[in-house]
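What the coordinates show
One letter stands for each residue in the lines below.
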Amino acid sequence: MCGIVGYIGHKQAKDTLIKGLEVLEYRGYDSAGIALATKNGAKLYKEKGRIASLKEAINGDVSGMTGIGHTRWATHGKPSKANAHPHQSQNKRFTLVHNGVVDNYQQLKRDYLPDKHFASDTDSEVIVQLVEYFSEKGKSTDEAFRQTLSLLHGSYAIVLMDNENADAIYAGKNKSPLLIGTGSGENVVASDTMAMLTVTKEFIEIHDEEAAVVTNDDVQLKKLDGTLVHRESFQAEIDEADTEKGTYSHFMLKEIDEQPAVIRNIIQEYQNKDGNIKLEKDIRTALEETDRIYIMAAGTSYHAGLIGKELLEKVAKKPTEVHIASEFLYDEPMLSENPLFVFISQSGETADCRGVLVRVKKQGYRTLTVTNVPGSTLSREADFTLHTHAGPEIAVASTKAYTAQMSVLAILAMDCAHAQGMNSDFDAMKELGLVASVMDTICDQKDIMEQVARDYMADTRNCFFIGRSLDYHVVLEGALKLKEISYVQAEGFAGGELKHGTIALIEEGTPVVAVTTQPHVNRNTRSNAQEVMARGANACFISTEETREEGDQIVLPTVHRLLTPLITALPLQLIAYYAAMHRGCDVDKPRNLAKSVTVE
Ligand code: F6R
């Protein structure tokens, strides 16, 4: 979702801004722009579409040591040059970029700005006009900025430039992510640490309802009422090389291939020298004491949560519910006496999860975040964090983060069993080691998945995925992967459920992928596949050596039953990847999607 970069220092700002925006491209956007401070005021460049078009529009030497940049994912107003950021105040003194959604922008427009001329349909323009309004009333820019922020309802990450003082940029946030990167004689502000790595690996957090005045050698952080805040910087453990594609044509393929290494890394990170699980004592106590775990997540992370529930209930006998965070947020079910909330989020920024986190914290409940981004909002704000150690995931479609989430949940389940003094025979570390080796084998057999994609998905309009038990949860993810990157209408169903209505959509040649790795329901899933085949469906079977039958298209080595989702995920990811490739889709940056969904 929208990305922000701001720069102030001794170098040409344009290069850092463009490079930073390019790093943020993976988050999803539909227009981009930058503004540079010049002695004649801010110079703006913006374009609808990709950053490549923006670079063409900038074309040539432009200078300015202070600047701000933005990639926009449209919320208010269609994707267009006029709605692209940066936006300027009517008299062009102030220029701003904004992520988030201002809920009361119409009201603010009516109350304060009836006489201002607006050049866009965005809620963001109201913010910059308000800064000018308060500045015209005699406030300093710092004061006008903070006063404006205090009027905004909703979410925002904002960076502002003032023509009358190009030696500072102003930054503020509420609910949307924004950090300051501190360099030597230069500072940078961005919505993601990765966008600042060309300048620094040292960062200062901005908390909600705080604002900062950033110069090339100083950062002054304040609450919105003007109280000064002192906050230490921290070093991010992130390698710029992790954000490069290397020899791969797409990040998605690279990240699929990284999965065995990620699993091995997780084993290493969570294992003591003596072979025991390494988890904070307080997490163990929370697991032991809770009477019910409530998992909150969205999309792929929700699908990982469904597997997490199976693991926690089967391995640790801990009652667990899985909720779509955006639903839970507005419709809280009856809670147990001592709930533990577990937030699963690759980005650690998903606004729906954050909404729940803020509320349950107020209610006094304990919270744990499972995320791939340490230092992310959900990680900072929860009582505990478990890191998934998958390395930066750049492709919009989540692959390695998903299998990493399930692996960490398997470790959590085993620890939960130990915390309760149970004698579980599930050895997560040993079983994950086997999973990593099986993943290696699958990655070496991409030609099979490419053939399946060609045979079944090359020009289909729709596709169904069926499975039972754990396979059902995995086919939901298989369908999501296919639809998000190939735009094939794909749905995942519990094997027994398809005939209760949806079977009406089966036509001659409709592809149906049947995942059947669970011995106790293998026969049932195969019967369900026969039902659709009798009506013309083109069925593709994914099984294991334990459940295989003659003619199955993809047969995987057997792993622990509870961990089969970790291995069936790979062929499903690869089928989606090759289907998208055959259909000429932009695999890493599918249309309309964002990597980090920071609005509700
Ligand atoms: C799909 C995908 C999304 C995310 C969802 C939640 O490939 O990545 O469905 O899983 O937007 O995002 P996180 O995990 O960052 O909370």
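Residues numbered from 1 in each chain as written. Predicted model: local features only at pLDDT ≥ 70, side-chain atom pairs only at ≥ 80, totals over all residues. Heavy atoms only, no water.

Focus on unusual backbone geometry
For the peptide bond that leads from His 85 to Pro 86, omega is 0 degrees, which places it in the cis range. Tracing the chain through its elements places Pro 86 in the loop between strand 4 (66-72) and strand 5 (87-88). Here the phi dihedral of His 389 falls at roughly 50 degrees; this positive angle occurs in a residue that is not glycine. With respect to the element layout, His 389 can be found in the loop between strand 20 (384-387) and helix 13 (400-419). (Helix = DSSP H or I, 4+ residues; strand = E, 2+ residues; numbered from the N terminus.)

A look at the site of the ligand
As a structural note, the neighbourhood of the ligand is formed by 14 residues, with Ser 301, Ser 345, Ser 347, Thr 350 and Glu 484 the closest of them. Within the backbone of Ser 398, one N or O atom sits 2.8 Å away from an oxygen atom of the ligand. Contact distances for the ligand include 2.6 Å between an oxygen atom and a side-chain N or O atom of Glu 484. Protein contact buries 91% of the 400 Å² of open area that the ligand shows by itself. Among the elements of the structure, helix 9 (299-316) and helix 16 (470-486) are those that each provide at least two residues to the shell around the ligand. Here the shell around the ligand takes three residues from helix 9, the largest share from any one element. The class makeup of the residues in the shell around the ligand is four nonpolar, eight polar and two charged. (Near = heavy atom within 4 Å. Polar contact = N/O pair within 3.5 Å; in protein donor to acceptor, adjacent residues only side chain to side chain. Areas by Shrake-Rupley, 256 points an atom, 1.4 Å probe, with all protein chains shown as cover. Nonpolar A, V, L, I, M, F, W, Y, C, P; charged D, E, K, R; others polar.)

Here's the deal with the state of the cysteines
Overall, the coordinates contain zero disulfides when judged by the stated rule. Considering cysteine sulfurs only, Cys 353 is the nearest to Cys 2, which forms no disulfide, with 19 Å between them. Under the relative-accessibility criterion, Cys 2 is labelled buried at 9%. In this structure Cys 443 is not part of a disulfide, and its nearest cysteine sulfur, from Cys 540, lies 18 Å away. With a relative accessible area of 8%, Cys 443 lands in the buried category. (Disulfide = S-S within 2.5 Å. Buried < 20%, exposed > 50% of the residue type's maximum accessible area, 1.4 Å probe, protein only.)

A short note on the domain arrangement of the protein
The domains assigned to the protein are domain 1 (3-241), domain 2 (251-443) and domain 3 (445-600). Put simply, the middle of domain 1 and the middle of domain 3, counted by C-alpha atoms, are 42 Å apart. Domain 1 puts twelve residues into the contact, and the matching count from domain 3 is nine residues. Of the roughly 860 Å² buried where domain 1 meets domain 3, counting both sides, 58% is carbon and sulfur surface. Its largest share of buried area at the contact with domain 3, domain 1 owes to Tyr 26, Arg 27 and Trp 73, together 50% of the area lost on that side. At the junction of domain 1 with domain 3, the criterion picks out one salt bridge. Put simply, Arg 50 and Asp 586 hold a salt bridge, and the shortest N to O gap is 3.4 Å. Inspection of the region where domain 1 meets domain 3 yields one residue pair in polar contact (both at pLDDT 80 or more). Class assignment of the residues belonging to the side of domain 1 that touches domain 3 gives a composition of four nonpolar, five polar and three charged. (Domains from an automatic or database assignment. Contact = heavy atoms within 4.5 Å. Buried area = accessible area lost by both parts, 1.4 Å probe. Salt bridge = Lys/Arg side-chain N within 4 Å of Asp/Glu carboxyl O.)

A short note on the packing of helix 9 against helix 16
Where helix 9 contacts helix 16, the axes come no closer than 9 Å and their chain directions differ by 170 degrees. Relative to helix 16, the element helix 9 lies roughly antiparallel. When helix 9 is examined against helix 16, the residues Gly 299, Thr 300, His 303, Leu 306, Ile 307 and Glu 310 are found in contact with a partner set consisting of Leu 470, His 473, Val 474, Leu 476, Glu 477, Leu 480 and Lys 481. Class assignment for the residues of the contact of helix 9 with helix 16 results in six nonpolar, four polar and three charged. (Axes fitted to C-alpha atoms, helices over the stretch in contact; angles between N-to-C directions. Parallel < 35°, antiparallel > 145°, perpendicular 65-115°, else oblique.)

Quick notes on helix 17 (residues 522-533)
Compared with the 16 Å implied by 1.5 Å per residue over twelve residues, the 16 Å span of helix 17 between its first and last C-alpha is a close match. Listing the buried residues of helix 17 in full gives Asn 522, Thr 525, Arg 526, Asn 528, Ala 529 and Val 532. Viewed along the axis of helix 17, the buried residues span an arc of 155 degrees, placing them on a single side of the element. Buried residues along helix 17 sit against strand 21 (462-467), strand 23 (511-516) and strand 24 (538-544). (Expected span 1.5 Å × (residues − 1). Arc of directions from axis to C-beta.)

Some remarks on the packing of aromatic side chains
Tallied over the entire structure, the rule returns ten aromatic pairs. For the pair Tyr 133 and Phe 134, a centre-to-centre distance of 5.1 Å together with 80 degrees between the ring planes defines the contact as edge-to-face. Three or more aromatic residues link up through ring pairs in this structure, and these residues are Tyr 294, Phe 328, Phe 341 and Tyr 365. One cation-aromatic arrangement involves Arg 50 over Tyr 29; the distance from NZ or CZ to the ring centre is 5.2 Å. The ring of Phe 118 carries Lys 109 above its face, with NZ or CZ at 4.3 Å from the centroid. (Phe/Tyr/Trp six-rings, centres within 6.5 Å; stacked < 30°, edge-to-face > 60°. Lys NZ or Arg CZ within 6 Å of the ring centre and 35° of its normal.)

Some details on the sheet that holds strand 18 (residues 339-345)
The strand order across the open sheet formed by five strands is 17-16-18-19-20, and the pairing between neighbours is parallel. The strands lining the two open edges of the sheet, one partner per strand, are strand 17 (320-324) and strand 20. Averaged over neighbouring strand pairs, the angle between their axes works out to 20 degrees when direction is ignored. In this sheet, strand 19 (residues 366-371) lies alongside strand 18 in parallel orientation, the contact comprising six bridges. If you follow Leu 340 over to strand 19, its bridge partner there is Arg 366. (Pairing = 2+ DSSP bridges.)

Here we look at the pairing of strand 9 (residues 179-182)
Side chains of strand 9 alternate between two faces, with Leu 179 and Gly 181 and Ile 180 and Thr 182 buried alike. Across three bridges, strand 9 lies against strand 11 (residues 202-205) in antiparallel orientation. Residue Ile 180 lies in a different strand from strand 11, and its bridge partner there is Ile 204. Sheet analysis places strand 9 next to strand 10 (residues 187-190), joined by four bridges and oriented antiparallel. Within strand 10, the position partnered with Thr 182 by the bridge is Asn 187. Linking two consecutive strands that pair antiparallel, namely strand 9 and strand 10, is a turn of four residues; a positive phi of about 70 degrees is found at Gly 185 within it.

Notes on the environment of Ala 261
Tracing the backbone shows Ala 261 in helix 7 (residues 259-270). Considered as a pair, Ala 261 and Ser 437 are 176 residues apart in the sequence and their alpha carbons are 9.5 Å apart.

Focus on the nonpolar core
Among the nonpolar cores identified, the biggest contains 127 residues, and Ile 34, Leu 311, Leu 386, Phe 465, Leu 482 and Val 513 are the most heavily contacted of them. When neighbours within four sequence positions are excluded, Val 513 is seen to be in contact with Met 457, Cys 463, Phe 464, Phe 465, Ile 466, Cys 540, Ile 542 and Leu 572. In this structure, Phe 94, Leu 96, Ile 158 and Ala 211 belong to the second largest nonpolar core, which totals 25 residues. (Core = buried A, V, L, I, M, F, W, Y, C linked by side-chain atoms within 4.5 Å.)

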